[in-house]
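# Chains, contacts and geometry: an overview
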Amino acid sequence: MTSIHVEVRTEPLSVDALLALAAHPTAGGTAVFLGTVRDHTPEAPGAVVTGLEYEAHPEAVARLREVAEKVAVDHDVIALAAEHRVGPLAVGEAAVVVVASAAHRAEAFAACRALIDTLKAEVPIWKREGFADGSHTWVGV
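Let me sum up the structure you'll find in this document. Note that residues are indexed from 1 along each chain, following the sequence as it is written. Owing to the predicted nature of the model, reporting of local features is limited to residues with pLDDT of at least 70; listing and counting of side-chain atom pairs is limited to 80 or more, with chain, interface and lining totals taken over all residues. Side-chain measures here rest on the full set of heavy atoms in the structure, leaving out hydrogens and waters.

### Things to note about the overall build of the protein chain
We apply this condition: We count a stretch as a helix when DSSP gives it H or I for four or more residues in a row; a strand needs E for two or more, and each element gets its number in order from the N terminus. Radius of gyration here uses only the C-alpha atoms, and the compact-globule reference equals 2.2 Å multiplied by the residue count raised to the power 0.38. The classification of residues rests on relative accessible area computed with a 1.4 Å probe and restricted to protein chains. Under 20% of the type maximum is buried, over 50% is exposed, and intermediate values are partly exposed. In this analysis, two residues are considered to be in contact whenever any of their non-hydrogen atoms come within 4.5 Å of each other. Only the protein chains shown count as cover for residues, with accessible areas throughout obtained via the Shrake-Rupley method and a probe of 1.4 Å. Here Asp and Glu are counted as negative and Lys and Arg as positive; His is not counted, and neither are the chain ends. For charged residues, the charge sits on one atom: NZ in Lys, CZ in Arg, CG in Asp, CD in Glu.
Helices and strands together make up the secondary structure of the protein chain, namely three helices and eight strands. Along the chain direction, N to C, the helices and strands of the protein chain fall in the order β-α-β-β-α-β-β-β-α-β-β. Radius of gyration (C-alpha) of the protein chain: 16 Å, near the 14 Å computed for a compact globule of 141 residues. Referenced to the eigenvectors of the C-alpha coordinate spread, the extents of the protein chain come out at roughly 50 × 25 × 25 Å. Looking at the protein chain as a whole, 41% of its 141 residues qualify as buried. Residue pairs in contact within the protein chain that sit at least 24 positions apart in sequence constitute 75% of those at least 6 positions apart. A total accessible area of about 7,500 Å² is found for the protein chain, and carbon and sulfur atoms account for 55% of it. Computed over 11 positive and 19 negative side-chain charges, the separation of the two mean positions in the protein chain equals 3 Å.

In structure tokens form, the structure reads like this:
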């Protein structure tokens, strides 16, 4: 049985906390994806991003759990953990952390990639990008 932890939270994220949740004596490989706020965006070439604000649909946690459960079915993993921030974030802050542990590195990498890619595509979390010129834009809405 795969251990699954998912959360959408306003508090800062901790890679170490998620690594601890995914740790297991049978895990030979653990893969981590850490998504941080960057100072630019492909949606507005040349614009300087000063920060983001994330909002989540009330069903986001339930949808994130469904995504993680599907990844667990598709990959031979020991544990999956994913947390996403909501609220205002500054450039450099962690916005999302995904961890997958498995007996072997190949499955850990594959599961980690599947979890972050599916999370981004299917979990209803939207971001508002703020720019140095005072303007903003919503992404994923």
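### Some words on the layout of surface pockets
For clarity, the cut-off: Using a 1 Å grid laid over the protein atoms alone, points where a 1.4 Å probe fits but cannot get out form a cavity; open sets with protein on both sides within 12 Å along at least 5 of 7 lines form a pocket; any residue with an atom within 4 Å of a point counts as lining. Grid points are joined across faces, edges and corners, and a volume is the space filled by probe spheres set on the points. Just so you know the grouping, Ala, Val, Leu, Ile, Met, Phe, Trp, Tyr, Cys and Pro go in nonpolar, Asp, Glu, Lys and Arg go in charged, and all remaining residues, Gly too, go in polar.
Its volume calculated, the largest pocket comes out at about 240 Å³. If you trace the largest pocket, you find 15 residues lining it, with Lys-120, Ile-125, Lys-127, Val-139 and Gly-140 closest to the centre. Elements with a contribution of two residues or more to the lining of the largest pocket: α3 (105-122) and β7 (125-131). Partitioning the lining of the largest pocket into residue classes produces eight nonpolar, two polar and five charged. Reported here for the second largest pocket is a volume of approximately 200 Å³. What lines the second largest pocket is a set of 16 residues, among which Thr-36, Arg-38, Tyr-54, Lys-120 and Lys-127 lie closest to the centre. Contributing elements (two or more residues each) for the lining of the second largest pocket: β2 (29-36), β3 (49-56), β6 (94-102), α3 and β7. At three residues, β2 tops the list of elements feeding residues into the lining of the second largest pocket. Looking at the lining of the second largest pocket residue by residue, the class counts come to seven nonpolar, five polar and four charged.

### Observations regarding the pattern of salt bridges
Heads up, the condition is: The rule for a salt bridge is simple: a side-chain nitrogen of Lys or Arg has to be within 4 Å of a carboxyl oxygen of Asp or Glu.
The full count for this structure, using the stated rule, is nine salt bridges. Ionic pairing is found between Glu-11 and Arg-9, a salt bridge with its closest N-O pair at 3.6 Å. The class for Arg-9 is buried, based on a relative accessible area of 19%. A salt bridge links Asp-74 to Lys-70; the shortest N-O distance between them is 2.5 Å. Pair noted here: Asp-74 and Lys-70 are both in helix α2 (residues 60-74), with a separation of four residues, about one helical turn. By relative accessible area, which is 45% here, Asp-74 ends up partly exposed. It is possible to trace a salt-bridge network through shared partners that takes in Glu-7, Arg-9, Glu-11 and Glu-83.

### Observations concerning the side chain of His-75
The line we're drawing: Polar contacts, as used here, are pairs of N or O atoms within 3.5 Å; protein pairs need one atom able to donate a hydrogen and one able to accept it. Residues neighboring in sequence count only if both atoms are side-chain atoms.
Along the polypeptide, His-75 turns up in the loop between α2 and β4 (79-85). Polar side-chain contacts of His-75 include one of 3.3 Å to the side chain of Glu-107. Each residue touching His-75, except ones within four places of it in the same chain, is listed here: Glu-107, Ala-110, Ala-111 and Ala-114.

### Observations regarding the sheet that holds strand β8 (residues 136-139)
We apply this condition: A pair of strands is labelled paired if DSSP reports no fewer than 2 bridges between them. Note on geometry: axes are lines fitted to C-alpha atoms, helical ones only across the stretch in contact, with angles between N-to-C directions running from 0 to 180 degrees.
Reading across from one edge, β5-β3-β7-β8 is the order of the four strands in this open sheet, with antiparallel pairing throughout. Each edge of the sheet is formed by a strand with only one pairing partner; in this case those strands are β5 (87-90) and β8. Taking each pair of neighbouring strands and ignoring which way they run, the sheet shows an average axis angle of 25°. Examined bridge by bridge, β7 and β8 share four bridges and lie antiparallel to one another. In the strand pairing of β8, Arg-128 is matched with Trp-138.

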